[in-house]
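Observations on the model geometry
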Amino acid sequence: MINILESNYFKDREDASAQLVNSIDIKNFDASNTVVIGISEDGVYFADRLAREIDCMMDILLSEPIKAPNNEETTIAMISETKEVVMNKSLINAFDISEDFVYTTAQQRYDDSVVSYVYRYRKGEDILPLDGKDVILTDECVESGLTMMVSIKSVIQRGAKNVYIATPILDKSVYHNLLTVCDGVFCPHIIEHYISVEYYFEQFPPIEFKDIVKMIDFYANKRYNDTIQ
């Protein structure tokens, strides 16, 4: 049942991941045809827990924000490792920014940052094949929606058959918007007046880089072992 009360908190990420898993009917997903993808470093934690429950493969999808030229704290677009770009047209128009600027800056961010992320997290390897797969995009939260939107666009471009979203907490308005662009949204807590993700956790320490890489490497090794058997 969807919870719309703001007074509900998670003890920690383990508690949040358990609640997220419980919000999904795992048996509806075929392990051999499902890929769970963390769309941020923190999202990898939840993707790993979900993939283990389904017994399917997991990967990370990397992206980088494009900031407004006159306001470095405002994200106006995102570019992903598949070179898909999603823009916030309202902000672009409000700041009178040309789309040429967005695409030029996006290419720079791709060359300067995204490529290095691929080597950092996946040793330069391409993301898992997604053609014909059920893909579950996972993050610890969805705020502006740009990262999720560019991720949806990216996995569709890579041939995903069905795209689902899984996250432990969502603003109610964001939840309804996401329902219009994917095949389903899994979320145990859909609330009014979302503040920020750490507000809903009793304990919210940063996830260390080595732990993120360890999770990603587990599935990379699994994929390698499956190919040689």
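Residues numbered from 1 in each chain as written. Predicted model: local features only at pLDDT ≥ 70, side-chain atom pairs only at ≥ 80, totals over all residues. Heavy atoms only, no water.

**A look at the pairing of strand 1 (residues 34-38)**
Among the five residues of strand 1, five are classified as buried, and the element is accordingly described as predominantly covered. Of the two faces of strand 1, the one holding T34, V36 and G38 and the one holding V35 and I37 are both buried throughout. In this sheet, strand 6 (residues 134-138) lies alongside strand 1 in parallel orientation, the contact comprising five bridges. Bridge pairing links G38 to T138 in strand 6. Crossover connection from strand 1 via helix 2 (residues 41-54) to parallel strand 2 (residues 57-60): handedness right-handed. (Buried < 20%, exposed > 50% of the residue type's maximum accessible area, 1.4 Å probe, protein only. Helix = DSSP H or I, 4+ residues; strand = E, 2+ residues; numbered from the N terminus. Pairing = 2+ DSSP bridges. Right-handed = clockwise from strand over helix to strand, strands pointing away.)

**As for the side chain of S80**
Looking at the element boundaries, S80 is found in strand 4 (residues 71-80). For S80, a relative accessible area of 0% corresponds to the buried category. Polar contacts involving the side chain of S80 include one to the side chain of T82, which spans 2.9 Å. In contact with S80, not counting residues within four places along its chain, are L62, S63, Y110, V114, V150 and S154. (Polar contact = N/O pair within 3.5 Å; in protein donor to acceptor, adjacent residues only side chain to side chain. Contact = heavy atoms within 4.5 Å.)

**Remarks on the sheet that holds strand 2**
Pairing is parallel in the open sheet, where five strands are placed in the order 2-1-6-7-9. This sheet does not close on itself; its edge strands, each paired only once, are strand 2 and strand 9 (184-186). Averaged over all pairs of adjacent strands, the angle between their axes in this sheet comes to 25 degrees, without regard to strand direction. Taken together, the three bridges between strand 7 (residues 162-166) and strand 9 define a ladder with parallel strand orientation. Bridge pairing links Y164 to G184 in strand 9. Running at roughly 160 degrees to strand 1, helix 2 makes contact with strand 1, strand 2, strand 6 and strand 7 of the sheet. (Axes fitted to C-alpha atoms, helices over the stretch in contact; angles between N-to-C directions.)

**Some points on the environment of R109**
Inspection of the secondary structure puts R109 in helix 4 (residues 99-122). Distance in space between the C-alpha atoms of R109 and E53 is 35 Å, their sequence separation being 56 residues.

**Thoughts on the confidence of the model for the protein chain**
Across the protein chain, the average pLDDT comes to 92, with 95% of residues at or above 70. Of the regions scoring below 50 in pLDDT, residues 1-6 engages in 18 contacts with residues more than four places distant in sequence or in other chains. (pLDDT = per-residue confidence, 0-100.)

**A closer look at helix 2**
Given 3.6 residues to a turn, an α-helix orients residues that are three or four positions apart in the same direction. For helix 2, with 14 residues, the first-to-last C-alpha span of 20 Å sits near the 20 Å given by 1.5 Å per residue. Along helix 2, the positions that sit buried rather than exposed are G43, V44, Y45, F46, A47, D48, L50, A51 and I54. Remark: D55 follows helix 2 within two positions and exhibits a positive phi of approximately 65 degrees. (Expected span 1.5 Å × (residues − 1).)

**Section: the nonpolar core**
Formed by 62 residues in total, the largest nonpolar core has its most connected members in I37, L137 and V155. The greatest single-element share of this core, amounting to seven residues, is contributed by helix 2. Contact partners of I37, with chain neighbours within four places excluded, come to A47, D59, I60, L61, I127, L130, V135, I136, L137, T138 and V155. Listed in part, the 13 residues of the second largest apolar core include A68, I97, A106 and Y110. (Core = buried A, V, L, I, M, F, W, Y, C linked by side-chain atoms within 4.5 Å.)

**Examining the sheet that holds strand 5 (residues 85-87)**
Across the sheet, three strands lie side by side as 3-4-5; this open sheet has antiparallel pairing. For this open sheet the edge positions go to strand 3 (63-68) and strand 5, each flanked by a neighbour on one side alone. Direction aside, neighbouring strands of the sheet carry axes that sit 40 degrees apart on average. Against the sheet, helix 4 makes contact with strand 3, strand 4 and strand 5, and its axis sits at roughly 140 degrees relative to strand 3, the strand it touches most. Relative to strand 4, helix 5 (residues 146-157) is tilted by about 15 degrees, and along the sheet it contacts strand 3, strand 4 and strand 5.

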